[in-house]
Amino acid sequence: LHLSLRRQRQMCKETEITLADPSARESGNLYVEKAVEFIRNNYSNEILVSDIARYVCINRSYLYTLFQKYLHTSPQDYLSSCRITRALELLSYTDLSIETVAFSCGYRNAEVFTKAFRQKQGMTPSAYRKKFRLDTTPDSAMFRDLSDFIITKSFFYEQEEMLWKTVKMLDGVS
């Protein structure tokens, strides 16, 4: 995912304008918010942490520092968690091949996906599917085809809302 230089500069200017607003600063770290939004909207693409940092117009090191401060995780781990969460859903509800699940979650290589999945879940995607496969009766067949299985973004919005409530609570404690 590569944005044109002109579009990147425009986004940087928009970010600077937003951050210049004192009331926006008080509502949380906008760099992290924008990065989380970018990840949520693009995790299924082949994005890197450098793409996220470029999108929010800061360097990777500072992005890492902000993620550690506000989310207590790295940008890479957050991205991986989004991808694996989506994989868990697809493995539970669809009959898609492991390779297709991997591709749908932003991995371009099934072996890399399997390794990442095993690292996070302690088992392979195939083993997870066998163990946690949800109802596969004809009534639930509508969830087996990716074209019929559309996870709304509300799942990620709910996760993000809970995360920001925690961040705000932690900010009040500090």
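You'll find the structure just up there.
The sections below set out a description of the structure shown in this document. (Residues numbered from 1 in each chain as written. Predicted model: local features only at pLDDT ≥ 70, side-chain atom pairs only at ≥ 80, totals over all residues. Heavy atoms only, no water.)

In this section: the pattern of salt bridges. According to the stated counting rule, one finds four salt bridges in the structure shown. Here R86 makes a salt bridge to E89, at a shortest N to O gap of 3.8 Å. In this pair, R86 and E89 are both assigned in helix α6 (residues 75-93), three residues apart and thus about one turn of the helix distant. For the pair R86 and E89, one class covers both residues: buried. Ionic pairing is found between R133 and D95, a salt bridge with its closest N-O pair at 2.7 Å. Residue R133 is found in the loop between α9 (125-132) and α10 (154-173), and its partner D95 is found in the loop between α6 and α7 (98-104); the two are separated by 38 residues along the sequence. (Salt bridge = Lys/Arg side-chain N within 4 Å of Asp/Glu carboxyl O. Helix = DSSP H or I, 4+ residues; strand = E, 2+ residues; numbered from the N terminus. Buried < 20%, exposed > 50% of the residue type's maximum accessible area, 1.4 Å probe, protein only.)

Time to look at the layout of surface pockets. Size it by volume and the second largest pocket reaches roughly 180 Å³. Contributing to the lining of the second largest pocket are E46, I47, L48, Q76, S80, R83, G106, Y107, R108, N109, V112 and A116. Going through the elements one at a time, α6 and α8 (110-121) are the ones with two or more residues in the lining of the second largest pocket. A total of three residues in the lining of the second largest pocket trace back to one element, the largest contributor, which is α6. (1 Å grid on protein atoms, 1.4 Å probe; cavity = no way out; pocket = protein on both sides within 12 Å on 5 of 7 lines; lining within 4 Å. Points joined across faces, edges and corners; volume = space filled by probe spheres on them.)

Once that is clear, we can look at the nonpolar core. Across soluble globular proteins, nonpolar side chains show a tendency to be buried alongside one another. Among the nonpolar cores identified, the biggest contains 21 residues, and V32, I39, I52, L63, F67, L71 and Y78 are the most heavily contacted of them. Secondary-structure elements contributing two or more residues to this core are α3 (30-42), α4 (49-56), α5 (60-71) and α6. The element contributing the most residues to this core is α3, with six residues. If near-sequence neighbours (up to four positions away) are discounted, I39 is found in contact with I47, I52, F67, P75, Y78, L79 and C82. The next biggest cluster of nonpolar side chains, apart from the first, holds 16 residues, and it includes L88, C105, F113 and Y128. (Core = buried A, V, L, I, M, F, W, Y, C linked by side-chain atoms within 4.5 Å. Contact = heavy atoms within 4.5 Å.)

All right, on to unusual backbone geometry then. Notably, C57 is not glycine yet its phi reads approximately 65°, a positive angle. Along the chain, the position of C57 falls in the loop between α4 and α5. Its relative accessible area of 26% is what places C57 among the partly exposed residues.

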